[in-house]
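An overview of the molecular structure
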Amino acid sequence: MSQKILINNFPYISYANKNFDADTILEKSRTFYEQMDARRSVREFSDKPVNQEVIEKIIQTASTAPSGAHKQPWTFVAIQNPEIKSEIRKAAEKEEYESYTNRMTDEWKGDLKPLGTDWQKPFLEIAPWLIVMFSQTTAPDKSKHYYVQESCGIAAGFLITAIHQAGLCTLTHTPSPMNFLKKILNRPDNERPYLLLPAGYAADDCYVPDIQRKELSEVSVFI
Ligand code: IYR
């Protein structure tokens, strides 16, 4: 059992290293990299159902993310109701149509060509779950939250990792503007839509772009 003490009058518990040897740590870091390198953003989903309990655990995992002053400034709305998914698809496609037609630059659309995206978002109806992540600009009682964008970015990373490691697929979708999500999902004033992620199985005949990741030397500097 972990040792409990008071420091500055706050409860602390002892935290012990796992005591893996150096070779085991190297092996674990390699294995996890390989698992994560196998993750891909999926745009073609199967309608095969996923148990709510799985989505609950995935959201609990995301909510273990570190956050400013441990305020956990996020709300995850998990949707499997087909009518609400349709409503979200309709509203998202309206914005996306406008974006692809009038708002996005040619350079932007050129950059997206290899990914094959367009304004149509059938996955919003087909995937068994949509998870809409809201950032909380303040707490519900208006008390302060800190580093909200950073905290939510980290939690989104945990969410994506949890979905992938459960053997499911997701996609970060950010229709812009996405205030319609606040309206459809009836969220309070202190919340802003942050990210929309479908979650489920990839379609049987799913193809993803054959993109390559940057080499370690391109993304890092060791000093
Ligand atoms: N939100 C649009 C456009 C889009 C933008 C970027 I940057 C992407 O990496 C992918 C898509 C859409 O979802 O299609």
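Just so you know, these numbers come straight off a predicted model, no measurement behind them.

1. Side note on the side chain of Lys-182
- Mapped onto the elements, Lys-182 comes out in helix α7 (residues 180-184).
- Buried and without a salt bridge, Lys-182 has Asp-189 as its closest oppositely charged side chain, separated by 4.4 Å.
- In this structure Lys-182 touches Phe-134, Arg-187, Pro-188, Asp-189, Glu-191, Arg-192 and Pro-193, once residues within four positions along its chain are discounted.

2. Observations regarding the environment of Ala-127
- Of note, Ala-127 is situated in the loop between α5 (123-126) and β4 (129-136).
- Linking Ala-127 and Pro-66, residues 61 residues apart in sequence, is a C-alpha distance of 29 Å.
- If sequence neighbours within four positions are ignored, Ala-127 has contacts with Phe-45, Ser-46, Lys-85, Pro-198 and Ala-199.

3. What to know about the nonpolar core
- Judged by nonpolar contacts, the single largest core of 24 residues is most densely connected at Ile-55, Trp-74, Phe-76, Ile-131, Met-133, Leu-159 and Ile-163.
- Those elements that place two or more of their residues in this core are α2 (52-62), β3 (74-79), β4, α6 (148-165) and β6 (191-200).
- Excluding residues within four positions of it along the chain, Ile-163 makes contact with Ile-58, Ile-131, Leu-168, Cys-169, Thr-170 and Ala-199.
- Counting 19 residues, the second-largest nonpolar core is a separate cluster that includes Ile-79, Ala-127, Cys-169 and Met-178.

4. Quick word on the site of the ligand
- Near the ligand the following residues occur: Glu-96, Tyr-100, Met-104, Trp-108, Leu-112, Asp-118, Lys-121, His-173 and Thr-174.
- A distance of 2.5 Å is found between an oxygen atom of the ligand and a side-chain nitrogen or oxygen belonging to Tyr-100.
- About the coverage of the ligand: the protein hides 68% of its 370 Å² of free accessible area.
- For the ligand, the cavity whose grid points lie within 2 Å of the majority of its atoms is the largest pocket.

The rules behind the values
- Residues numbered from 1 in each chain as written.
- Predicted model: local features only at pLDDT ≥ 70, side-chain atom pairs only at ≥ 80, totals over all residues.
- Heavy atoms only, no water.
- Helix = DSSP H or I, 4+ residues; strand = E, 2+ residues; numbered from the N terminus.
- Buried < 20%, exposed > 50% of the residue type's maximum accessible area, 1.4 Å probe, protein only.
- Lys, Arg positive; Asp, Glu negative; His and termini not counted.
- Salt bridge = Lys/Arg side-chain N within 4 Å of Asp/Glu carboxyl O.
- Contact = heavy atoms within 4.5 Å.
- Core = buried A, V, L, I, M, F, W, Y, C linked by side-chain atoms within 4.5 Å.
- Near = heavy atom within 4 Å.
- Polar contact = N/O pair within 3.5 Å; in protein donor to acceptor, adjacent residues only side chain to side chain.
- Areas by Shrake-Rupley, 256 points an atom, 1.4 Å probe, with all protein chains shown as cover.
- 1 Å grid on protein atoms, 1.4 Å probe; cavity = no way out; pocket = protein on both sides within 12 Å on 5 of 7 lines; lining within 4 Å.
- Sits in = over half its atoms within 2 Å of the grid points.

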